[in-house]
Amino acid sequence: MDLSLTEAQRPVIQDDNLESLARVVRGLHAQGLTPATSSNFSIREAGPFTGFSISVSGLDKGLFSAQDFMQVDANGKPLPSEKSKPSAETLLHRTVYRSYPSVTSVLHTHSIAGVVLSKLYETAKGIALDNFEMLKAFKGIQSHTVKLWIPIFPNSQNMDELSEVIENYFQTSLAQDMICAPGFILAGHGLYAWGDSLSEAKRHIEAFEYLFTCLLALKNHGYTSLT
Ligand SMILES: [Zn+2]
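Report follows, based on the coordinates. These numbers were taken from a predicted model, which means no experiment stands behind them.

1. Some thoughts on the environment of D160
Reasoning step 1: The topology assignment puts D160 in helix α4 (residues 159-175).
Reasoning step 2: Accessibility expressed as a relative area gives 54% for D160, which makes it exposed.
Reasoning step 3: D160 sits 69 residues away from L91 along the chain, and the two C-alpha atoms are 7.2 Å apart.

Okay, structure coming up:
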């Protein structure tokens, strides 16, 4: 099915939403989660999935503004009027939007805690998060006793293959009726998290990063019972 859009059909992303996302990007950078021009961020309007706005590649996230996003269609391809290069990881954003129709924002960080943990837990293919009050920051979770599993996928520069692996995981998880964390980790690379609104996506990514920092500190203190 051809999902590409003409200019007349381009998805309209409200300027206010781009301003809000730019503010979130600068805030995550200020927390040290997006160093050295890394990471990428996207947003779309609720409703049928026709495309999204994503951060332009290679810019300092501490200086990010609403003008530094570009629009891509539902295949992740830049609209004809766009002159900039989208992030190399645009296809991963598309995969999340395609798999979860209610999601309207996808955020990605390259934190030290997330990357170190991803190396420690890569062979386990994920991290179980439980017994933290912060778990209640995730949509639908009302108790610290819930166990949340966040998967770790091997990193790759082949975004077609990687997005297929991730999409297959989502479909399998959905079919098995598992509770899926609103996020995944790429080993040695970073975290992706999302939400049904920008504020929910921000809350999720901050909660993940907080929990990663806690886990890493526990590891450094010799705590070994983490699965
Ligand atoms: Zn990345």
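2. Comments concerning the coordination of the zinc ion
Reasoning step 1: Around the zinc ion, the donor atoms from the protein are E89 (OE), E89 (OE), H108 (NE2), H110 (NE2) and H189 (NE2), and they sit 2.1 to 2.8 Å away.
Reasoning step 2: We note that the donor set of the zinc ion lies within a single chain, spaced as E-x18-H-x1-H-x78-H. Note that H110 is positioned in the loop between β4 (105-109) and α3 (112-120) and H189 in the loop between β7 (183-186) and β8 (190-195), a separation of 79 residues in sequence.
Reasoning step 3: On the basis of relative accessibility, which here comes to 9%, the residue H189 falls in the buried class.

3. Overview of the nonpolar core
Reasoning step 1: Counting residues in each nonpolar core, the largest one holds 41 residues, and the members touching the most others are L21, I127, L129, I150 and F208.
Reasoning step 2: Counting residues per element, the ones that place at least two in this core are α1 (15-30), β1 (41-43), α3, β5 (126-129), β6 (148-153), β8 and α5 (198-220).
Reasoning step 3: Here the element with the most residues in this core is α5; it accounts for nine residues.
Reasoning step 4: In this structure L129 touches L135, V146, K147, L148, I150, F208, L211 and L215, once residues within four positions along its chain are discounted.
Reasoning step 5: With 21 residues, the next largest nonpolar core counts V72, L91, F153 and F184 among its residues.

Conventions used here
- Residues numbered from 1 in each chain as written.
- Predicted model: local features only at pLDDT ≥ 70, side-chain atom pairs only at ≥ 80, totals over all residues.
- Heavy atoms only, no water.
- Helix = DSSP H or I, 4+ residues; strand = E, 2+ residues; numbered from the N terminus.
- Buried < 20%, exposed > 50% of the residue type's maximum accessible area, 1.4 Å probe, protein only.
- Donors = N, O, S within 2.8 Å, 3.2 Å for Na, K, Ca; no water.
- Core = buried A, V, L, I, M, F, W, Y, C linked by side-chain atoms within 4.5 Å.
- Contact = heavy atoms within 4.5 Å.

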